[in-house]
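Residue strings, one per chain:
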Amino acid sequence: MERKTSRLTSGGFAALCGTTKETLRHYKNLGLLSPAHREENGYFYYDAEQFYDFYAISIFRQTGTPLEEVRRCLQGQNSAGTLARLQEQRKRLELEHRKLEEMDFVLSGMIKGLELGTAPDLVPQTARFEEEHLLALPVEELEALMSPRAGEDAMLMTVLERCRELCRKYGLRTDYQLGAIHRPGEPASPGTISHLTMRVSEQADCPYYRGKPAGSYLYLCCRGRWDLSQGYAALELHLTERSLETEGSVYACDLAGFILNGVESNAATLLSVRLAK
């Protein structure tokens, strides 16, 4: 007994599939999806079940499979071949997904940094900061990789090269947002930096990983200058005048990022220290 099917015009079938008659016509001309019926009056009609054929084509297309390959796959109806193609496309999508996650991590960090960079210059404030994940490179180790007379550019190159090496080794993602950690218990200054840091996207089983804990922080923004001496002094003065107790290290973090930091007037650095509970 022949099963009855609902016949749909190209317009009705296009509406069912969420597409256009032009797309259906294109698929028909390519031999991808042809109407199941042609009446004596010359009109073509689709079966409702052909929705799943269209859906299969859509899935292949969204994974980036060329239409000609889609046609061969659907015409061949070979489960092993189809499985292999789908597995290959899934691997490609996983790679694309990882790239999108990395870009989201980079862009969200830049947005957050630039928003913080609008804070008044050298004005201490208090706010709750969420946990951050850092790749912390000991200054002594970096200095051992350079000649004694190396300048700031050589130091930066060493930091970048070492960071990239570690990210490859441990599968980490970084936005190359440069920062520094100061030794706790000492007034923060360029001479008390223990680590140079770069932000990474997640906690890692890595000897260079260091988490900046969540909590209430005293912070200030140094704007329009690369020399942070005034910022360190303002932070220390505020703590002393108000007899505030802190715990942990003092953190310095570039906010303007690689987009703006080529000009000193655009520079912005966040200094922060966690307040004791």
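Right, let's walk through the structure included here. The structure presented is a predicted model; accordingly, all values stated were derived computationally and were not measured.

Digging into the overall build of the protein chain
So, step 1. When helices and strands are tallied, the protein chain shows nine helices and eleven strands.
So, step 2. A compact globule built from 277 residues should have a C-alpha radius of gyration of about 19 Å, whereas the protein chain, at 30 Å, is more than 25% larger.
So, step 3. Looking at the protein chain as a whole, 37% of its 277 residues qualify as buried.
So, step 4. Here the analysis covers contacts within the protein chain between residues at least 6 apart in sequence; of these, 69% occur between residues at least 24 apart.
So, step 5. With the model as given, the accessible surface of the protein chain reaches about 16900 Å², and the carbon-plus-sulfur share is 52%.
So, step 6. Charged side chains of the protein chain number 33 positive and 38 negative; the gap between the two group centres comes to 7 Å.

Brief notes about the nonpolar core
So, step 1. With 31 residues, the main nonpolar core has L135, L137, L235 and L271 as its most contacted residues.
So, step 2. Those residues within four positions of L135 in sequence are excluded, and the remaining contacts are C163, L166, C167, L172, L196, T197, M198, V200, C206 and Y208.
So, step 3. Formed by 14 residues, the second largest nonpolar core is a distinct cluster that contains A14, L24, I57 and L67.

Points about the packing of aromatic side chains
What describes a pair of aromatic rings is the distance from one ring centre to the other and the angle between the planes of the rings.
So, step 1. Taken as a whole, this structure holds six aromatic pairs when the rule is applied.
So, step 2. Their ring planes at 80° and their centres at 5.4 Å tell us that F51 and Y52 sit as a pair that is edge-to-face.
So, step 3. Summarising the aromatic geometry, the rings of F129 and Y219 are spaced 5.4 Å apart at their centres and angled 45° between planes, so their arrangement reads as tilted. Linking F129 in strand 4 (residues 125-129) with Y219 in strand 9 (residues 215-223), this pair joins segments that are 90 residues apart in sequence.
So, step 4. With relative accessibility at 11%, the residue F129 sits in the buried group.
So, step 5. The class of Y219 is buried, set by a relative accessible area of 9%.
So, step 6. Aromatic ring contacts, followed pair by pair, group F51, Y52 and Y55 into a single cluster.
So, step 7. The ring of F44 carries K28 above its face, with NZ or CZ at 4.9 Å from the centroid.
So, step 8. Between the NZ or CZ atom of K212 and the centre of the ring of Y217, over which it lies, the distance is 4.9 Å.

Let's talk about a nonpolar patch on the surface
So, step 1. Residues M103, L107 and I111 make up a contiguous nonpolar surface patch of roughly 290 Å² in combined accessible area.
So, step 2. Mapping M103 onto the fold places it in helix 5 (residues 79-116).

Examining the pattern of salt bridges
So, step 1. In the structure shown here, the tally under the stated rule is twelve salt bridges.
So, step 2. E130 is the partner of R128 in a salt bridge, and the nearest nitrogen-oxygen pair spans 3.5 Å.
So, step 3. A salt bridge links R199 to D175; the shortest N-O distance between them is 2.7 Å. Taken together, the residues span a long stretch of sequence, with R199 in strand 7 (residues 193-200) and D175 in strand 6 (residues 174-182) at a distance of 24 residues.

Description of the side chain of R225
So, step 1. Looking at where R225 falls in the secondary structure, it is placed in the loop between strand 9 and helix 8 (229-241).
So, step 2. On the basis of relative accessible area, R225 is assigned to the buried category, the value being 16%.
So, step 3. Here the side chain of R225 touches D121 through a polar contact of 2.8 Å, side chain to side chain.
So, step 4. Beyond its immediate stretch of four places on either side in the chain, R225 contacts D121, L122, Q230, E264 and A267.

Basis of the calculations
- Residues numbered from 1 in each chain as written.
- Predicted model: local features only at pLDDT ≥ 70, side-chain atom pairs only at ≥ 80, totals over all residues.
- Heavy atoms only, no water.
- Helix = DSSP H or I, 4+ residues; strand = E, 2+ residues; numbered from the N terminus.
- Rg over C-alpha atoms; globule rule 2.2 N^0.38 Å.
- Buried < 20%, exposed > 50% of the residue type's maximum accessible area, 1.4 Å probe, protein only.
- Contact = heavy atoms within 4.5 Å.
- Areas by Shrake-Rupley, 256 points an atom, 1.4 Å probe, with all protein chains shown as cover.
- Lys, Arg positive; Asp, Glu negative; His and termini not counted.
- Charge placed at Lys NZ, Arg CZ, Asp CG, Glu CD.
- Core = buried A, V, L, I, M, F, W, Y, C linked by side-chain atoms within 4.5 Å.
- Phe/Tyr/Trp six-rings, centres within 6.5 Å; stacked < 30°, edge-to-face > 60°.
- Lys NZ or Arg CZ within 6 Å of the ring centre and 35° of its normal.
- Patch = residues over 30% accessible without salt bridge, like charges linked within 9 Å, V, L, I, M, F, W, Y side chains within 5 Å.
- Salt bridge = Lys/Arg side-chain N within 4 Å of Asp/Glu carboxyl O.
- Polar contact = N/O pair within 3.5 Å; in protein donor to acceptor, adjacent residues only side chain to side chain.

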